[in-house]
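Spelled out from the first residue to the last, the chains are:
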Amino acid sequence: MDEYKEYKVLARKYRPQKFEDLVGQDLLVQIISSAIINNRLAHAYVLTGVRGVGKTTTARLIAMSINCQKRDKADCEPCGDCDACRSTGIDSNLDVVEMDAASNTGVDDIREIIDNVKYKPVIGKYKIFIIDEVHMLSKSAFNALLKTLEEPPEHVKFIFATTEVKKIPITVLSRCQRFDLLRIENKVLTDHLLKIVSKEKIDIDKDAIALIVRAADGSIRDGLSLLDQAITNQNIKIDSKLIITMLGLAEREKIFDLLEKILEGDSLNALDLYRKQYDLGADVVMIFDELMNVVHFLTQIKIAPNLKDDIYIPEIERTRGSALSSKLTLNNLNIIWQILFRGFQELQSGYHLFQHGEMLILRIIYLFDGLNPDDLLKQIEKTDKKIITDLANQNNTDKNSDQNKILNFKNEVSEDKIDEVEKNYKKINDFRQFVEMFYVHREGILHTKLYNDVTLISFKEGEVVLNLEKISDHSFNRKVAKLISTWTGRIWQIHTSTSNLGKSLYEEDIINQQKQIELMKNNIEIKKILKEFPDSKIHSITDLTEVNLKEQITDTKIKKEEKW
């Protein structure tokens, strides 16, 4: 008869029967255990968290524990052998009523519960109502439950489970104790799956387990379901390639290859690798999802270098990720992430996905141009230092002669390179010159806002910090940075601050002009004029040479444009 015995999936087979078996919910277990032992149970609980972390299981354990007929009063664990425990485990306990709110959403279903509340328990001490996916109840159903939930009989307990706690009315939440079940950490979930693999005597690689854990995304039930799917054929060893095929993933190593070609600007080979992934059956959306995951992983390594030693991450990913992240800055990674994220959103609702993916790869290559001028200058300086060191070590017999050769060689090599870089961008010495660029290039609106409404907090070459409280345009920073970078030939970063310590250029000019007016009043000629015309006042002071210069610049630019 055993051969006809129904197979029980791993998620059901290894469902916790005691609080100590709950995985990754230590704080919840501690609080609930203490409440049960000290007989300080609330009349209603809300258990919330992502799918598959143990909400319904926890609700059943609470029901089993408080109704257990043989439980030690100094312990919270149910015995599992009494009538109450056994009947709860097989969903036949008359004192434990489970309802799926996803399929019983109406007020009539809640009225049925309310009618049952007045009846006392048959076996245990409490009558317990477990409502799963409670956020699916209608508004009228919630309203019908309110009064009973606020003042239930002493023998009644409510336990609600939900994945979307924000959809539950605040009037209901305020009448319950809320517990947030955490996502299962990768390390904890990996250890749990390895224990089950050992019990089931399954031959599976650690890299395959790592892929399952990543796909489970913190859900223990998803992890067990994927493992169950992978071990359907136990005649072969389960490796990472089998899991990749099963999940329809692009191979992570191939994704690293693709990203490397993109960063090298090798569009031909990058598109060739992309097509090969597609031809092997990888979904376009999944390819770019994996690219986003890799970029995020590189950012994590950049911020926390110790991550490269994490044994729960496949070794090939740690090795490739560490090597690749060392070549990139956080700013580089941020740019790539923004492009990928925008493209991924477009793919969700787009057509011609393969072609869209190709254009997205070209977009990254075009917008990501590697080193900026600052990085290049630093690289040149390092090269120069190395050249000087190598030459100095070659011959120490004639130091003066060697030094002259070194200096001459340095000048020939580095100055040419630096001049070549510096030719490409214009130096800006202060914020006023920065703002003046917008006047010269006839960006009148931006110039006016920068002059009148923007407060300068700090300025240095390539980076400006501004207070933009008076600016309503959310893309103001991006517009300014894009234009000034184009005009100067180098990358500028525009940051925002809430500090009120600075002043706008307009405010500075008003203050300076008031000082000049006070000084001008002492001028002999001006005194005569003010005396001759008693009602007159000095309104402003203008430098005519400066005005003429601006007019000459504008006229020259207009003439050039007309000629063009």
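Summary of the structure given here.

Rules used in this analysis
- The written sequence of each chain sets the order in which its residues are numbered from 1.
- Local features are withheld for residues below a pLDDT of 70 in this predicted model, meaning they are given only at 70 or higher, and side-chain atom pairs are given and counted only at 80 or more; totals for whole chains, interfaces and linings count all residues.
- With hydrogens and water set aside, each side-chain value is computed from the structure's full complement of heavy atoms.
- Relative accessibility under 20% of the residue-type maximum defines a buried residue, over 50% an exposed one, and the middle range a partly exposed one, all with a 1.4 Å probe and only protein chains included.
- In DSSP terms, a helix is any run of H or I states spanning at least four residues, a strand is any run of E spanning at least two, and both are numbered starting from the N terminus.
- A pair of strands counts as paired when DSSP detects no fewer than two bridges linking them.
- Helix span, expected: 1.5 Å multiplied by one less than the number of residues in the helix.
- Whether two residues are in contact is decided by their heavy atoms: any pair within 4.5 Å suffices.
- Aromatic contacts are taken between Phe, Tyr and Trp rings whose centres are within 6.5 Å, Trp giving its six-membered ring; a plane angle under 30 degrees counts as stacked, one over 60 as edge-to-face, and the others as tilted.
- Geometry is summarised by axes, namely lines fitted to C-alpha atoms with helices restricted to the contacting stretch, and by angles between N-to-C directions that run from 0 to 180 degrees.
- Here is the rule for angles: anything less than 35 degrees is roughly parallel, anything more than 145 is roughly antiparallel, 65 through 115 is roughly perpendicular, and the remaining ranges are oblique.
- Crossing handedness is defined as follows: a turn of the near helix away from the far one that is anticlockwise and smaller than a right angle gives a left-handed crossing, while the clockwise case is right-handed.
- Polarity classes work like this: nonpolar for Ala, Val, Leu, Ile, Met, Phe, Trp, Tyr, Cys and Pro, charged for Asp, Glu, Lys and Arg, and polar for all others, with Gly in that last group.
- Patches draw on residues past 30% relative accessible area with no salt bridge. Two like charges within 9 Å are joined, as are two nonpolar side chains (Val, Leu, Ile, Met, Phe, Trp, Tyr) within 5 Å.
- Computed by Shrake-Rupley with a 1.4 Å probe, the accessible areas treat only the displayed protein chains as cover when residues are assessed.
- By convention in these notes, a salt bridge is any Lys or Arg side-chain nitrogen within 4 Å of a carboxyl oxygen on Asp or Glu.
- Charge convention: Lys and Arg are scored as positive, Asp and Glu as negative, and His as well as the terminal groups of each chain are ignored.
- Note that the charge is assigned to NZ on lysines, CZ on arginines, CG on aspartates and CD on glutamates.
- Every definition here rests on a 1 Å grid over the protein atoms only: cavities are sets of points where a 1.4 Å probe fits but cannot get out, pockets are open sets enclosed by protein on both sides within 12 Å along at least five of seven lines, and lining residues have some atom within 4 Å of a point.
- Grid points are joined across faces, edges and corners, and a volume is the space filled by probe spheres set on the points.

**Side note on the pairing of strand E1 (residues 44–48)**
Remember that side chains alternate between the two faces of the sheet whenever the strand is regular.
Part 1 of the argument: Across the five residues that make up E1, a large majority, five, are buried.
Part 2 of the argument: The alternating pattern of E1 places Ala44, Val46 and Thr48 and Tyr45 and Leu47 on opposite faces, both of which are buried.
Part 3 of the argument: Direction of pairing for E1 relative to strand E4 (residues 156–162): parallel, over a ladder of five bridges. Looking at the pairing, Thr48 lines up with Thr162 of E4.
Part 4 of the argument: Relative to strand E5 (residues 177–180), E1 is paired through four bridges, and the arrangement is parallel. Residue pairing in the sheet places Thr48 in a bridge with Asp180 of E5.

**Focus: helix H17 (residues 353–367)**
Part 1 of the argument: Spanning 15 residues, H17 covers 21 Å between terminal C-alpha atoms, matching the ideal 21 Å at 1.5 Å per step.
Part 2 of the argument: Considered for burial, the residues of H17 that qualify are Phe354, His356, Gly357, Leu360, Ile361, Ile364 and Ile365.
Part 3 of the argument: Packing partners of the buried residues in H17 comprise helix H12 (252–264), helix H13 (267–279), helix H14 (284–303) and helix H16 (330–348).

**As for the packing of aromatic side chains**
The way to describe two aromatic rings as a pair is by their centre distance and the angle between their planes.
Part 1 of the argument: Tallied over the entire structure, the rule returns 14 aromatic pairs.
Part 2 of the argument: Considering the side-chain rings of Phe434 and Phe438, the 5.9 Å spacing of their centres and the 50° angle between planes classify their relative orientation as tilted. Placement of the pair is Phe434 and Phe438 together in helix H20 (residues 431–440), with a separation of four residues, close to one helical turn.
Part 3 of the argument: Residue classification places Phe434 among the buried positions, given a relative accessible area of 0%.
Part 4 of the argument: By relative accessible area, Phe438 is classed as buried at 0%.
Part 5 of the argument: What links up through ring pairs into an aromatic cluster is the set Phe431, Phe434, Phe438, Phe459, Trp487 and Trp492.

**Some details on the packing of helix H8 (residues 186–200) against helix H10 (residues 220–230)**
Part 1 of the argument: Contact geometry of H8 with H10 gives a least axis separation of 11 Å together with a crossing angle of 40°. Taken together, the axis directions place H8 and H10 in an arrangement best described as oblique. The handedness of the crossing between H8 and H10 comes out as right-handed. Mapping the contact onto sequence places Leu189, His192, Leu193, Ile196 and Val197 in H8 and Ile220, Gly223, Leu224 and Leu227 in H10.
Part 2 of the argument: Each residue belonging to the contact of H8 with H10 can be placed in one class, and the counts come to seven nonpolar, two polar and no charged.

**Observations concerning a negative patch on the surface**
Part 1 of the argument: Residues Glu20, Asp21, Asp72 and Asp75 make up a contiguous surface patch of negative charge.
Part 2 of the argument: Mapping Asp21 onto the fold places it in the loop between helix H1 (10–13) and helix H2 (26–37).
Part 3 of the argument: We classify Asp21 as partly exposed; its relative accessible area is 36%.

**Comments concerning the sheet that holds strand E3 (residues 127–132)**
Part 1 of the argument: With respect to topology, five strands assemble into an open sheet ordered E2-E3-E4-E1-E5, the strand pairing being parallel. Looking at the sheet topology across the chains shown, the edges are occupied by strand E2 (96–100) and E5. Averaged over neighbouring strand pairs, the angle between their axes works out to 15° when direction is ignored.
Part 2 of the argument: Taken together, the five bridges between E2 and E3 define a ladder with parallel strand orientation. Among the inter-strand pairings, Val97 is bridged to a residue of E3, identified as Phe129.
Part 3 of the argument: Helix H6 (residues 139–150) rests against E1 and E4 of the sheet, and its axis sits at about 135° to E4.

**Some points on the layout of surface pockets**
Part 1 of the argument: Within this model, the second largest pocket holds a volume of roughly 830 Å³.
Part 2 of the argument: What lines the second largest pocket is a set of 28 residues, and nearest its centre among them are Asn186, Val213, Arg214, Arg252 and Asn293.
Part 3 of the argument: Top element by residues in the lining of the second largest pocket is H14. It accounts for seven residues.
Part 4 of the argument: Of the residues in the lining of the second largest pocket, the class split is 12 nonpolar, six polar and 10 charged.

**Observations regarding the pairing of strand E6 (residues 455–460)**
Part 1 of the argument: Examined bridge by bridge, E6 and strand E7 (residues 463–467) share five bridges and lie antiparallel to one another. The partner of Thr455 across the bridge, within E7, is Asn467.
Part 2 of the argument: Counted along the chain from E6 to the antiparallel partner E7, the turn is two residues long, and its residue Gly462 has a positive phi close to 95°.

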